[in-house]
Amino acid sequence: MQTNPLFERTVSALLAGEIICEYSHDELYNYLLTQPVQQKVSDFLQQMNRTLRQTSSHDAWLCSYQDLSRSDAKDGVRQQFREVANHLEALVQFLRLVMMVEAAQRPISAGEHLREGKLLERISTAPSLEAKLRSLCEKDLFRTKRSDSAGQLRVVLENLTKAGYLKPIGTSGSVFLATAKWSWLYDVMTFIQTHEGIREDSAEDDPQLRIV
Amino acid sequence: MARTHDAQSTLRALATYGDAILEAHLNRGNRIALNDDNVGVLETLEHHRLVWRLGDTEDLQLKNVLVRLLDHITESERRRFASAQVDRLWSDLNRLFVDYREAKKRAAFTDKLRIESEIKECLSEIIEDIRNATDTFSSYISSGFSYITDMDLRIRKNHEVIERAGQLNALFESFNTQDLADQAGNDPFLKRLLLKYLPAALEQGQKNLSYALNQLRLTLVRLREDQRLSKLVGGFESYFANNRGYIPSIDDMDLGHCPAPLNKVTPFAIIARGDIYDPTDDEDLIALAQTARTLGADQQGTEPAAALQTVEFDVAGASDPEEEDPVDELIEQLVQFVVDGDIGDGEIDALEALSGSGLALDAATWLSTLEAQIDSLAPNDQSQITVEYKSQLNPLYKDNLCITGMTLRRSNESRI
């Protein structure tokens with residue numbers, strides 16, 4: 001039987017828990033565009049109590065458990081949730097920092113470019129943003145002993161790249177592309193918001209954002 | 001020369017007071033209020049005979065010559081309200097149709113020719129307005145309303161433009177083919193205009209408009225999603241700020257019906273080894289093995305140790321503080337917390353404590369370290385803590401238990 005390298009890479013990435021989007025794995029994402037391929041991958045995964053799923057914004061694929069009545073599947077879901085929950089505060093702080101730096105009205109979305117130089121330039125000219133970056137680097141996900149903004153920002157961007165939220169592009173190594181893992185994070189956050197009854201923020205509550 | 005100079009001076013005055021003049025034309029019915037702020041503009045326009053008024057206390061009105069020029073140059077503004085413009089022109093055209101039939105009936109050929117020309121001009125204006133009106137929406141689509149920075153205002157503007165496009169669409173639909181045919185009757189001139197040129201322009205306009213409406217609706221959906229996400233992030237930021245150390249948990253959930261966003265698998269490693277039992281793979285494996293051996297055995301570990309440059313002697317009485325092991329520290333805190341802390345039933349889950357600490361330690365090492373530390377406590381201290389093990393049978397060796405978790409509880413005897 002002939003091997004299919006794209007199928008192998010797609011299934012391996014999904015089983016490894018990676019989130020496939022056009023920015024993180026363009027080749028695999030394109031491979032998954034057609035319905036017969038999706039069915040083939042899904043059929044394969046179903047034999048391992050797993051299935052193919054999309055994020056609510058339909059911009060990424062991921063692997064889910066098919067039958068959650070088994071205790072190992074439940075433990076797996078809990079473990080994955082804990083990994084996000086433990087770092088959620090740091091991720092939210094990062095999103096807010098970028099919104100303030102870019103003076104944007106919405107958080108990062110898949111396909112958006114982050115330029116280290118531009119971020120650093122704006123952060124280093126505003127002491128309040130520098131303080132936010134410093135506070136960010138005290139969180140486990142971005143912990144560093146670096147005291148300069150450039151070093152701190154580099155650690156933050158590198159760790160987000162390792163975690164699959166960003167992908168470096170170009171040869172400079174200072175331009176990053178946001179992946180659709182953010183879309184998955186927003187799905188999880190929406191669930192937590194409903195489950196824990198966290199109130200939505202209203203624009204009027206945030207004069208700081210407007211000032212910046 | 002003097003005449004040229006005057007004209008240039010008038011044009012300069014129009015440029016200087018352009019904002020005030022446009023404001024008067026677009027929003028104040030061509031009137032300029034008589035107040036201290038407008039003294040300069042009023043004096044200049046009066047000097048150039050571009051305004052008029054009847055009484056001294058009345059507001060000044062822009063003269064018709066200027067109004068006509070403004071009408072012409074603010075065409076873009078007219079496009080915004082194209083539905084009203086087309087509607088007005090259509091009413092004019094209907095009046096011309098009546099005049100045209102009357103002139104034809106009376107055999108007034110000169111008048112008929114004049115009205116024909118007026119009808120042609122009016123209809124060409126309608127067709128031009130239809131084209132312009134639909135073109136306007138494409139500029140909104142390409143900009144995505146990004147020139148408005150506030151998200152709420154951007155959404156409101158998008159709504160407004162959709163509403164305007166809807167009005168225009170309703171107007172297009174009001175041009176019924178049967179009505180147009182009735183209007184044209186058997187007159188070849190009217191038939192050519194009403195059943196050929198106008199329907200073609202309407203069809204093109206409607207096609208562009210439905211595309212624009214679709215794009216505007218998509219933009220609106222995207223803007224609303226952006227707004228939702230912005231509020232979501234803001235809400236979490238406030239919540240974290242007001243609830244220090246908050247970590248969301250799903251431990252209370254059964255997960256029998258797991259919400260889709262949470263259902264994500266743990267990494268499943270696919271490990272494959274070379275098949276040493278299949279002779280057909282031998283050559284490939286040999287080549288691999290040869291390239292894998294990059295360092296000769298005799299070369300390993302023969303590097304001489306780097307010579308020490310300086311030797312530092314201890315100063316009498318000096319001491320180097322030993323770094324605290326974070327795991328030991330955590331266990332110590334945990335035990336102290338179980339014994340002294342006010343934690344409901346006086347119990348705590350070891351794995352939860354680990355995940356809350358942020359330490360990068362696997363569960364097995366953590367549980368065995370915790371057990372060893374509790375075992376090494378003084379008997380008095382140890383008696384204050386009861387440890388409950390969560391376990392499951394090993395699927396292969398049925399008499400073995402695998403420990404999957406520990407719950408530390410304050411002993412009943414030690415409770416006050």
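For the structure itself, consult the block above.
Residues numbered from 1 in each chain as written. Chains lettered and ligands numbered in written order. Predicted model: local features only at pLDDT ≥ 70, side-chain atom pairs only at ≥ 80, totals over all residues. Heavy atoms only, no water.

Trainee: I would appreciate a short explanation of the side chain of K264 of chain B in the present structure.
Mentor: Secondary-structure assignment places K264 of chain B in the loop between α10 (188-242) and α11 (282-292). Put simply, K264 of chain B is tucked away with no salt bridge, and the nearest opposite charge, on E83 of chain A, sits 6.5 Å away. Those residues in contact with K264 of chain B that sit more than four places away from it in its chain are G17, I19, L62, C63, Y65, G76, V77, Q80 and W184 of chain A. (Helix = DSSP H or I, 4+ residues; strand = E, 2+ residues; numbered from the N terminus. Buried < 20%, exposed > 50% of the residue type's maximum accessible area, 1.4 Å probe, protein only. Lys, Arg positive; Asp, Glu negative; His and termini not counted. Salt bridge = Lys/Arg side-chain N within 4 Å of Asp/Glu carboxyl O. Contact = heavy atoms within 4.5 Å.)

Trainee: What is the right way to look at the sheet that holds strand β5 (residues 385-393) of chain B in this model?
Mentor: Strands belonging to one sheet form pairs held by backbone hydrogen bonds; the direction of such a pair is parallel or antiparallel. All names here are of chain B. Reading across from one edge, β4-β6-β5 is the order of the 3 strands in this open sheet, with antiparallel pairing throughout. Both edges of this open sheet fall to β4 (347-349) and β5, since each of them pairs with a single strand only. Between one strand and the next, the sheet's axes are offset by a mean angle of 25°, whatever the strand orientation. With 9 bridges connecting them, β5 and strand β6 (residues 401-410) associate as antiparallel partners. From the neighbouring strand, Y389 faces β6, where its bridge partner is M406. (Pairing = 2+ DSSP bridges. Axes fitted to C-alpha atoms, helices over the stretch in contact; angles between N-to-C directions.)

Trainee: Looking at this structure, how should I read the layout of surface pockets?
Mentor: Of the pockets and cavities examined, the largest pocket occupies roughly 1,100 Å³. Contributions of two or more residues to the lining of the largest pocket are made by α4 (71-102) of chain A together with α13 (350-357), α14 (363-375), β5 and β6 of chain B. The element contributing the most residues to the lining of the largest pocket is α4 of chain A, with 10 residues. Classifying every residue of the lining of the largest pocket gives 9 nonpolar, 9 polar and 13 charged. (1 Å grid on protein atoms, 1.4 Å probe; cavity = no way out; pocket = protein on both sides within 12 Å on 5 of 7 lines; lining within 4 Å. Points joined across faces, edges and corners; volume = space filled by probe spheres on them. Nonpolar A, V, L, I, M, F, W, Y, C, P; charged D, E, K, R; others polar.)

Trainee: Is there a simple way to think about the pattern of salt bridges in this case?
Mentor: Side-chain pairs of opposite charge can arise whenever the charged atoms involved come near each other. Evaluation of the coordinates by the stated rule reveals 27 salt bridges over all chains. Of the charged contacts, one joins R146 of chain A and D148 of chain A as a salt bridge, the two residues approaching to 3.2 Å between their closest N and O atoms. You can call R146 of chain A partly exposed: its relative accessible area is 44%. The partner of R106 of chain B in a salt bridge is E102 of chain B, and the shortest N-O contact between them spans 3.1 Å. Using a relative accessible area of 61% as the deciding quantity, one classes R106 of chain B as exposed. By relative accessible area, E102 of chain B is classed as partly exposed at 31%. Each member of the salt-bridge network shares a partner with another, and the members are R106 and E112 of chain A together with R222 and D226 of chain B.

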